[in-house]
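Listed below are the residues making up each chain.
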8 protein chains.
Amino acid sequence: VSSEKYQVAIIMGSDSDMPIMNEAAKVLDALDISYRAFISSAHRTPKKTACIVQDAEQNGAEVIIAGAGLAAHLPGVIAALTVIPVIGVPIKAGALNGVDALYSIVQMPPGIPVATVAINGGKNAGVLAAQILAAKYPVVKEHLLRMRKKAAEDVVNKDVKLAQLGMAQYIKEMQ
Amino acid sequence: VSSEKYQVAIIMGSDSDMPIMNEAAKVLDALDISYRAFISSAHRTPKKTACIVQDAEQNGAEVIIAGAGLAAHLPGVIAALTVIPVIGVPIKAGALNGVDALYSIVQMPPGIPVATVAINGGKNAGVLAAQILAAKYPVVKEHLLRMRKKAAEDVVNKDVKLAQLGMAQYIKEMQ
Amino acid sequence: VSSEKYQVAIIMGSDSDMPIMNEAAKVLDALDISYRAFISSAHRTPKKTACIVQDAEQNGAEVIIAGAGLAAHLPGVIAALTVIPVIGVPIKAGALNGVDALYSIVQMPPGIPVATVAINGGKNAGVLAAQILAAKYPVVKEHLLRMRKKAAEDVVNKDVKLAQLGMAQYIKEMQ
Amino acid sequence: VSSEKYQVAIIMGSDSDMPIMNEAAKVLDALDISYRAFISSAHRTPKKTACIVQDAEQNGAEVIIAGAGLAAHLPGVIAALTVIPVIGVPIKAGALNGVDALYSIVQMPPGIPVATVAINGGKNAGVLAAQILAAKYPVVKEHLLRMRKKAAEDVVNKDVKLAQLGMAQYIKEMQ
Amino acid sequence: VSSEKYQVAIIMGSDSDMPIMNEAAKVLDALDISYRAFISSAHRTPKKTACIVQDAEQNGAEVIIAGAGLAAHLPGVIAALTVIPVIGVPIKAGALNGVDALYSIVQMPPGIPVATVAINGGKNAGVLAAQILAAKYPVVKEHLLRMRKKAAEDVVNKDVKLAQLGMAQYIKEMQ
Amino acid sequence: VSSEKYQVAIIMGSDSDMPIMNEAAKVLDALDISYRAFISSAHRTPKKTACIVQDAEQNGAEVIIAGAGLAAHLPGVIAALTVIPVIGVPIKAGALNGVDALYSIVQMPPGIPVATVAINGGKNAGVLAAQILAAKYPVVKEHLLRMRKKAAEDVVNKDVKLAQLGMAQYIKEMQ
Amino acid sequence: VSSEKYQVAIIMGSDSDMPIMNEAAKVLDALDISYRAFISSAHRTPKKTACIVQDAEQNGAEVIIAGAGLAAHLPGVIAALTVIPVIGVPIKAGALNGVDALYSIVQMPPGIPVATVAINGGKNAGVLAAQILAAKYPVVKEHLLRMRKKAAEDVVNKDVKLAQLGMAQYIKEMQ
Amino acid sequence: VSSEKYQVAIIMGSDSDMPIMNEAAKVLDALDISYRAFISSAHRTPKKTACIVQDAEQNGAEVIIAGAGLAAHLPGVIAALTVIPVIGVPIKAGALNGVDALYSIVQMPPGIPVATVAINGGKNAGVLAAQILAAKYPVVKEHLLRMRKKAAEDVVNKDVKLAQLGMAQYIKEMQ
């Protein structure tokens, strides 16, 4: 395991979770936050999972993002091993569409919280990690405020476009 | 930790789960199956949980019964540490009435199963443990068949009573 | 009906369940466990179902795996006829996506348990059957431990690949 | 088993279901329909259940009402043994409040229907049985129409009372 | 409206329900039961719905099958207008996949039952209608028994095929 | 039926719904809006229900509030008979706690809407009725704005009290 | 922002909601009701949302239709800012298929109602807006009654077609 | 509003949420973290809510904890006004037992996350706030580790007690 410092550890239970978890990484990239990504299963590689948590602690990680589907134990198992805040991403998978993962992640017992975001909410996991870091790193806060402003402008631009085109035409152009 | 042999380990995440888990113990007592009961949380005492699994393996346990409520990770975390069959009991607790625990226990990913019984199904966890042991221990099988016969007779007796009393009277006597 | 011995009976309510139930068979094949597969419906062929259970008992089956969708009564009906442990596989089918099957299988009344695995959890049914047999057959236990080790190595290899490629490239190669 | 004729068999899986099933009996009593009530479990006494179905067929039963809770297999198991129409009553019990029983009863596979009524809908099971019999027994139809008229009058009387008292006073008198 | 007699009225709320309701009709055709099919909405054509019920009563219908999706009021509205038994078919439609229709149909208040079958259970609505008619029409009962026997033979044939081919080959041939 | 004019008709399916529906009436009283309350069931008294709708139309009602539990058809049945806006109140009743009523009321098909409020949302039905009337009756709008202001002041006062007492003391005083 | 008067404001949280919200606009167009459509997010542009509500009030809007998916706060946030009646349209989006949006919109606390329609019920939002306006604008009422009549005729025509073709042929022609 | 600095703002929508939110406060007290508690509704006092967020920002708050029941918009509305991390506590209230609040809080759209904890998870909101602060305040981290150790010891002590007493006796002493 490397010894390079990183601010956020992104841990996923399976590589099938990667497209969602990459949304978190893209936010961190955009906000100049360093991170390292890992694949480790709470059930298939419990010891490796513990090592990754140790790696994260030793390399200065201040937030951990963990995503898993089905009986999604990974975020809770990680939260049990550290007091670094753990953000849990329930992944939509299998017959229950992620409701199982949501309940497995959010309903943690008293004392060991997981900060849960929406099902498949990879992007928001990245944003929440940044918001947590922003208290310490003013530059992250500035980036976040700029990102918010940009998102607001996007909405405003769409509203202007709607006022110009009307709904029928707008819908046509979306297709 | 003791070195006395036992056939079944009963592990619960909190002592509030005990009234349900005791239903399993009562079945094992009735069927002359030895067991040892533990309290250990997947999240508050992850290392202790691993030690208990080791204790169970070393002392010859052939089945593990694990019960937990809410984001019930305990059965799955144990199943990740051993190939002894793990029976999971979702405990009814909190706002979701045990649906969260059911999903957290039954929806295990491929490779690491937990044999899940009904919400608050402590008794059935005991019976299932006995059925697993029965292949190896003919006396357990005999006990089980006797227990089944007894349960059938109870139903028959109630049906006879109903035929004699009629429903209205039967209901009165139940109160 | 044949008189060849087998360790596991796999019973499905309909041939539409076969792709899922075959996942169980593949595990048993990989672990050198003998099995026989049957199609029999709890509702369309109740007597045949009873005969299959008898066949299983007479031919030495030590575990029964039963899968069904919708109002999935098959596993419970079988469990009522034998004390051999019954593993239930809820099949995703119809408008409720397998939640109906899950509830119909897992919520068995006291005294007659079904060891329930995840919706469409055919593979885990096979693994659980093997874990039950492993107490009696040390070679099965060895196979299981090897399978677990292999699964852990797969995760580790993917994690190494991720460390080398990064997420963006890894995702591209997955497509 | 007796040889007296009856029009409806009422079968319940446990005597804890009796208060709900008695609502069906009360309707049948009120409509002068003969019935016989049984306790028999799909799982604890599968053979007895089959005998009761045979008894019902031999004694001329034209409708069967079956009630059960949890993984409520009883109505479906009975429906598999006869072509007499089976009315299923999901009983509210356990952590899932009867949703498990509803799904286990209503989601029957093609070919073997169960006529399902509301959770704890014992009264409606009796009414539905009567409606089925009414095609053959004009007197039952008359009784049913009278019962409907009576129920309508009850509503009308309450509406008159409300017009006289106003809501505030009506509520006071209800307490 | 015609004056030809028919045994069953099939009423659907929208022509989009027809593929499911036609499954009921196919069963009735196969069992030589006469029926007439109608489209009428509880909400868009409430008076027409009442006329159809009257038409059904006058032309001797002994069972009504009603199917609807979403807030599926049609079966209950019809049941309020007649004491002919009404079979309700919840249609899978919209965002809730038919759970809304199931609850709207099955949870009828005391006094006005609807005999509910599975979501999209058109075929079972036909079978249940036939079972209700069978008490009066021995030929229908014979047909039903033959249909059951045929369904059982289909299962047996598939089981034989499975015994011959094995699962892997059987699955290949299914594709 | 009377010929006095009223602005709102309040219709409930059963007098057991009255405590919730009275919350609507209390709002209307407080805002000086005239109303008349009725009990009429969509299923037990369908004709009376139609008469009440006619009465409402003839006596100038501009909004109808309808509440029902279980398979709550009343609001939709009323909406089918008039173009006066219908506000539906799902009543919590039975095993499903009002989810059945919510789905039966809100999931109306295209063309016939019901303006649905929260489960047991009697008060909000009254407020919504007032908001609908406010466009035409400026005095109602003034009353509504005053009611809103009062509600805001209540919150502010509680916040002041909290600032003075602290949470521990505030909780004690609440008991 | 413009100063042209309009009767209805249609506000959506994202342009991905537009195909559904356009169904409302189409109804308003058909009924000659003036409206203006806006895109504004409760979360990304909270101030703009408040400005739009002000714009609506100043330009005479008498109804607001607001649609949103996921944690659909937009309708409730708008309802908090005005006493104009707000119609909420839960949009089907994400893993929970719109159940999250339905609950977020319909379960408003006492005092601040949102008139909720079905998931993706854009058309009914338009119809409900028209029904609210109809009390004040007799021409809208006439349009509504004509639209209802037309919808009823469509059903009747389909029923006639079914009587002529039979189900099998009708289904063929639908494809 | 005061000008005293505080690290955490606790905001609840209603004083009925206070017993749950006080669990968060108790954790903060135990860990020597300063906080200020507010009552403000997203719907009844939207402007006050915005002022409180401003107050929190100006007085140095680094985390906001917001709790609400039903259509629980408060946490999301606050998250829209600041980039300070917002922890959302779904409160169990009303007919849906907090599932509505959970979905309304956790399913936030991309860009504006709320860190969601369990239904009624007030204690975990406090712990999560402390974990977020711990990166900047080493003393908080020490406190957290001590609290974890204490919680683990509690579990161990209970396990020792269980080993001494056995389940039957332990249960008796719990009562």
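Refer to the structure printed above.
Please read these numbers as outputs of a predicted model, since none were measured by experiment. (Residues numbered from 1 in each chain as written. Chains lettered and ligands numbered in written order. Predicted model: local features only at pLDDT ≥ 70, side-chain atom pairs only at ≥ 80, totals over all residues. Heavy atoms only, no water.)

Undergrad: Hey, could you run me through the relation of the copies chain C and chain B in this one?
TA: Copy one and copy two of the chain differ by a rotation about a common axis and a shift along it. Take chain C, turn it by 180°, move it 0.0 Å along the axis, and it overlays chain B with an RMSD of 0.0 Å. With respect to symmetry, the two chain copies, as superposed, fit the operation of a two-fold axis. (Least-squares fit on C-alpha atoms with pLDDT ≥ 70 in both.)

Undergrad: What exactly am I supposed to notice about the arrangement of the chains here?
TA: There is a clear gap between chain D and chain G: no contact, and 18 Å between their nearest C-alpha atoms. Contact between chain E and chain H is absent, and the least distance between their C-alpha atoms amounts to 16 Å. (Contact = heavy atoms within 4.5 Å.)

Undergrad: Looking at this structure, how should I read the interface of chain F and chain G?
TA: On the chain G side, the residues contacting the 37 residues of chain F number 37 residues. Among the residues chain F hides against chain G, the three largest losses belong to F:V83, F:P113 and F:R148. Together they make up 23% of the total. At the junction of chain F and chain G, the tally comes to zero salt bridges. Linking chain F with chain G are 25 residue pairs in polar contact (both at pLDDT 80 or more), by the criterion used here. (Buried area = accessible area lost by both parts, 1.4 Å probe. Salt bridge = Lys/Arg side-chain N within 4 Å of Asp/Glu carboxyl O. Polar contact = N/O pair within 3.5 Å; in protein donor to acceptor, adjacent residues only side chain to side chain.)

Undergrad: Just checking my understanding: could you explain the interface of chain C and chain B for this structure?
TA: Much of the literature gives interface size as the accessible area that the parts lose upon coming together. Between chain C and chain B, the residue contacts involve 37 residues of the former and 37 residues of the latter. In total, about 3,000 Å² of surface goes out of reach between chain C and chain B, with carbon and sulfur atoms giving 61% of it. Interface area lost by chain C to chain B is led by C:V83, C:P113 and C:R148, which between them contribute 23%. Inspection of the chain C/chain B interface yields zero salt bridges. Linking chain C with chain B are 26 residue pairs in polar contact (both at pLDDT 80 or more). Examining the composition of the side of chain C that touches chain B, we find that six residues originate from one element, helix α5 (residues 122-134) of chain C, more than from any other. Of the residues in the side of chain C that touches chain B, the class split is 26 nonpolar, six polar and five charged. (Helix = DSSP H or I, 4+ residues; strand = E, 2+ residues; numbered from the N terminus. Nonpolar A, V, L, I, M, F, W, Y, C, P; charged D, E, K, R; others polar.)

Undergrad: Help me understand the pattern of salt bridges in this model?
TA: Oppositely charged side chains can form a pair if their charged atoms are brought close together. All chains considered together, the criterion is met by 40 salt bridges over all chains. A:K48 is the salt-bridge partner of C:D159, the closest N and O atoms lying 2.7 Å from each other. Here the residue C:D159 occupies a position in helix α6 (residues 138-174), and A:K48 occupies one in helix α2 (residues 46-58), the pair thus bridging two chains. Between G:K158 and E:D15 there is a salt bridge; the shortest N-O distance is 3.7 Å. Note that G:K158 is positioned in helix α6 (residues 138-174) and E:D15 in the loop between β1 (8-12) and α1 (18-30), a pairing that runs across two chains. Taking the relative accessible area as the measure of exposure, G:K158 reaches 33% and is therefore partly exposed. Residue class for E:D15 comes out buried when judged on its relative accessible area of 12%. (Buried < 20%, exposed > 50% of the residue type's maximum accessible area, 1.4 Å probe, protein only.)

Undergrad: Mind showing me how you'd approach the packing of aromatic side chains here?
TA: The geometry of an aromatic ring pair is captured by two quantities: the separation of the ring centres and the angle between the planes. Scanning the model with the defined rule gives twelve aromatic pairs over all chains in all. An angle of 10° between the planes, with centres 6.1 Å apart, marks the rings of E:Y103 and F:Y103 as stacked. Of the two residues, E:Y103 is situated in helix α4 (residues 99-106) and F:Y103 in helix α4 (residues 99-106); the pairing between them involves two chains. On the basis of relative accessibility, which here comes to 6%, the residue E:Y103 falls in the buried class. With a centroid separation of 6.2 Å and 55° between ring planes, the pair formed by H:Y6 and H:F38 is classed as tilted. (Phe/Tyr/Trp six-rings, centres within 6.5 Å; stacked < 30°, edge-to-face > 60°.)

Undergrad: Explain empty space enclosed by the protein to me, please; I cannot follow it from the model alone.
TA: The probe, sized like a water molecule, is rolled over the atoms to show the empty space still left. Scanning the entire structure with this criterion turns up five cavities of 30 Å³ or more. Lining the largest cavity are 40 residues, with A:Y103, B:Y103, C:Y103, D:Y103 and H:Y103 sitting closest to its centre. Where the lining of the largest cavity is concerned, the elements lending two or more residues are α4 (99-106) of chain A, α4 (99-106) of chain B, α4 (99-106) of chain C, α4 (99-106) of chain D, α4 of chain E, α4 of chain F, α4 (99-106) of chain G together with α4 (99-106) of chain H. By residue class, the composition of the lining of the largest cavity is 32 nonpolar, eight polar and no charged. (1 Å grid on protein atoms, 1.4 Å probe; cavity = no way out; pocket = protein on both sides within 12 Å on 5 of 7 lines; lining within 4 Å. Points joined across faces, edges and corners; volume = space filled by probe spheres on them.)

Undergrad: It is not clear to me how the pairing of strand β4 (residues 86-91) of chain H should be interpreted in this structure. Could you clarify?
TA: Residues and elements named next belong to chain H. Within β4, six of the six residues are buried, which leaves the element mostly enclosed by the surrounding structure. Where strand β3 (residues 63-69) meets β4, six bridges bridge the pair, whose relative direction is parallel. When the bridges of β4 are listed, I65 appears paired with I87. Handedness of the crossover joining β3 and β4 through helix α3 (residues 74-79) is recorded here as right-handed. Handedness of the crossover is the feature at issue here: the chain leaves β4, passes through α4, returns alongside strand β5 (residues 115-116), and the resulting connection is right-handed. (Pairing = 2+ DSSP bridges. Right-handed = clockwise from strand over helix to strand, strands pointing away.)

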